[in-house]
Amino acid sequence: MKKELFRKLPKVDKLLLSNSFKKLIEEKGYNIVYESVNEAIDTFRKAIANDSIETFTDEAIIKTAFKNIERKSQTNLRRVINGTGTIIHTNLGRSIFSTKMVENLTDILSGYNNLEYDLSTGQRGTRYSLVEKLICEITGAEAALIVNNNAAAVLLCLDQFGKNKEVIVSRGELVEIGGSFRIPDIMKFSGSALVEVGTTNRTHLYDYEDHITENTSMLLKVHTSNYKISGFTQEISREEIVSLGRKYKIITMEDLGSGVLIDLSKYGLKKEPTILDSLNSGMDLVTFSGDKLLGGPQCGIIIGKKELVDKLKRNQLLRTFRVCKMTIAILEVLLREYKNENYSEIPTLAMLSEPLDNVLERALELQKKLKEIDIHTDIVPSKCMVGGGSLPEEFIDSYALSFNNFNSVSLEKKLRENSVPIIGRIQQNQYILDMKTISSKDYPILLKAFEDINNSRSI
Ligand SMILES: *Cc1c(COP(=O)(O)O)cnc(C)c1O
């Protein structure tokens, strides 16, 4: 019986001759189709061997091969639907871009460009100059420099100004960011000696002043973006650090982490220190991320005194941290939106500021469409987060669809394995999709995924 089934298994070459595969070979290439058919036959061979099937048809094998082809044709980095409600989700690619940003990228990438070519002189130019002026206009800084990410920005500054010298940081600000960026480690790596002052909850100005020696090169303030120390606390204001730095002629620098340009309190959120707050306090150097609350591509931005930024521009390490043309193409469009105060054109800010009623409207719309294909949901209030290590204690009101008629664990898995993966949350044993981070453009994908689930249920 088993032997007969094994014998009935078709040969790869024979299956490949069928018309449907011929077309697929033209579309996807021979190798993917061959591997997929081979694997499909193998799947059935194993099923026969372990007695999990008693019969099969060639059509069933072909269907499995089609599924394999679909899976193998997908890239590893894929678009996903974010139903978690976390706006700057580091695991899901942080900030998303507007159509304008993406169109500019397509235009720049499909041809040559003036990345390092000065169009006014016909001579060699520098990539950094393409956005420096815009950053300075928006922030009021004397000079600016961009590198691959904020971690690189901090390391570059420490390498330039702190190496073999002492850098003073408050014990309350020895931050670890997810993905193992730790201030004490990065300082050790840069060759600068960390001088910790104060205590975890309280640091006074005299703590800084008492530790200043002839070897002190920098007073570093780190924004505790992803945690909060509350209770009996004391931290020194930027202005006090700046005046101390000036008194002793020591560089002052702030690592802001998530750099925000606008006052978030106008969106009903807690005020985060803005880039302007930091710069206006007189800090010599300020560093921040491009893809957190700024809403742009992954990069680190350093702004501050021209004399210092000029030194950074000549640092050899800069070559290893340099940004690519894709980053600059997207960043420039973003910066122009800031310059024109077109905040609604910046998806991260648009999501942050979207009225709750709009979110509810989308929840109702999607609920209705799902009902039409017999998927019943409840709309539940939800709290979502800004993410990206910013505003750790701030929750934004939102609405979510709750799928009560499903086993939450298996629904989570099925949607995660969808061809466009759908990532939701399990809350009190219910699977939910938060509508804050789902746009109406996502509906067709969501509906198709649930139709597939319906179909596989009825089989
Ligand atoms: C996020 C963050 C960093 C790291 O920034 P990346 O752009 O992710 O490299 C450094 N410092 C602080 C305070 C941060 O919040």
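Owing to the predicted nature of the structure, the values given are computational and were not obtained by experimental measurement.

Caption draft 1: Region of the structure containing the pattern of salt bridges. All told, the structure shown has 34 salt bridges when counted by the stated rule. For Arg182, the salt bridge identified is with Glu176, shortest N-O distance 2.4 Å. Through salt bridges that share partners, Glu35, Glu39, Arg71 and Lys72 make up one connected network.

Caption draft 2: View of the pairing of strand E13 (residues 378–387). As paired strands, E13 and strand E14 (residues 390–403) are joined by nine bridges and run antiparallel to one another. Among the inter-strand pairings, Asp378 is bridged to a residue of E14, identified as Ser402. Counting the residues that bridge the hairpin from E13 to E14 gives two residues, and of these Gly388 lies at a positive phi of roughly 60 degrees.

Caption draft 3: Here's a closer look at empty space enclosed by the protein. On inspection of all chains with the given rule, the structure shows one cavity of 30 Å³ or more. When its volume is computed, the largest cavity comes out at roughly 50 Å³. If you trace the largest cavity, you find it lined by Ile135, Ile138, Thr139, Leu261, Ile275, Phe288, Leu294, Ile301 and Leu335. Broken down by element, the residue count for the lining of the largest cavity peaks at three residues, all from helix H7 (residues 129–139). When grouped by side-chain class, the residues that make up the lining of the largest cavity number eight nonpolar, one polar and no charged.

Caption draft 4: Seen up close, the site of the ligand. Inspection of the region around the ligand gives Arg94, Asn149, Asn150, Ala151, Ile177, Phe181, His223, Ser225, Asp255, Gly257, Ser289 and Lys292 as its neighbouring residues. Backbone polar atom of Ala151 to an oxygen atom of the ligand: 2.9 Å apart, as the coordinates give it. Asp255 has a polar side-chain atom sitting 2.7 Å from a nitrogen atom of the ligand. Starting from 380 Å² of accessible surface for the ligand in isolation, the protein chains cover 94%. Among the elements of the structure, helix H8 (150–161) and strand E10 (251–257) are those that each provide at least two residues to the shell around the ligand. When grouped by side-chain class, the residues that make up the shell around the ligand number three nonpolar, six polar and three charged.

Caption draft 5: Quick peek at helix H5 (residues 58–73). Between its first and last C-alpha, H5 extends 22 Å over 16 residues, near the 22 Å set by a 1.5 Å rise per residue. Every buried residue of H5 is accounted for by Ile61, Ile62, Ala65, Asn68 and Ile69. Considered in projection along H5, the buried side chains sweep an arc of 115 degrees and stay on one side of the axis. Opposite its buried face, H5 presents the exposed residues Glu59, Lys63 and Lys67, each directed more than 90 degrees away. On its buried face, H5 sits against helix H2 (12–16), helix H3 (19–28) and helix H4 (30–49).

Caption draft 6: How the structure looks around the packing of aromatic side chains. Scanning the entire structure with this criterion turns up eight aromatic pairs. Linked through ring pairs, Phe403, Phe406, Tyr431 and Phe450 together constitute an aromatic cluster. A cation over an aromatic ring shows up here: Lys8 above the ring of Phe56, its NZ or CZ 4.8 Å from the ring centre. When the ring centre of Phe232 is taken as reference, the NZ or CZ atom of Arg202 above it lies at 3.7 Å.

Caption draft 7: Up close: the layout of surface pockets. Taken as a whole, the largest pocket holds about 1,400 Å³ of empty space. In terms of lining, the largest pocket is formed by 42 residues, of which the most central are Arg94, Ser95, Ile96, Phe97 and Met351. Of all the secondary-structure elements, those providing two or more residues to the lining of the largest pocket are strand E1 (81–82), helix H6 (99–109), helix H14 (325–339) and helix H15 (347–353). No other element matches H15, which puts four residues into the lining of the largest pocket. Residues of the lining of the largest pocket, tallied by class, amount to 16 nonpolar, 16 polar and ten charged. Size it by volume and the second largest pocket reaches roughly 900 Å³. Forming the walls of the second largest pocket are 22 residues, and the residues nearest its centre are Lys67, Glu70, Glu417, Asn418 and Asp452. With seven residues, helix H18 (residues 443–458) is the largest single contributor of residues to the lining of the second largest pocket. Tallied by class, the residues present in the lining of the second largest pocket amount to seven nonpolar, six polar and nine charged.

So, how was this worked out
Residues numbered from 1 in each chain as written. Predicted model: local features only at pLDDT ≥ 70, side-chain atom pairs only at ≥ 80, totals over all residues. Heavy atoms only, no water. Salt bridge = Lys/Arg side-chain N within 4 Å of Asp/Glu carboxyl O. Pairing = 2+ DSSP bridges. Helix = DSSP H or I, 4+ residues; strand = E, 2+ residues; numbered from the N terminus. 1 Å grid on protein atoms, 1.4 Å probe; cavity = no way out; pocket = protein on both sides within 12 Å on 5 of 7 lines; lining within 4 Å. Points joined across faces, edges and corners; volume = space filled by probe spheres on them. Nonpolar A, V, L, I, M, F, W, Y, C, P; charged D, E, K, R; others polar. Near = heavy atom within 4 Å. Polar contact = N/O pair within 3.5 Å; in protein donor to acceptor, adjacent residues only side chain to side chain. Areas by Shrake-Rupley, 256 points an atom, 1.4 Å probe, with all protein chains shown as cover. Expected span 1.5 Å × (residues − 1). Buried < 20%, exposed > 50% of the residue type's maximum accessible area, 1.4 Å probe, protein only. Arc of directions from axis to C-beta. Contact = heavy atoms within 4.5 Å. Phe/Tyr/Trp six-rings, centres within 6.5 Å; stacked < 30°, edge-to-face > 60°. Lys NZ or Arg CZ within 6 Å of the ring centre and 35° of its normal.

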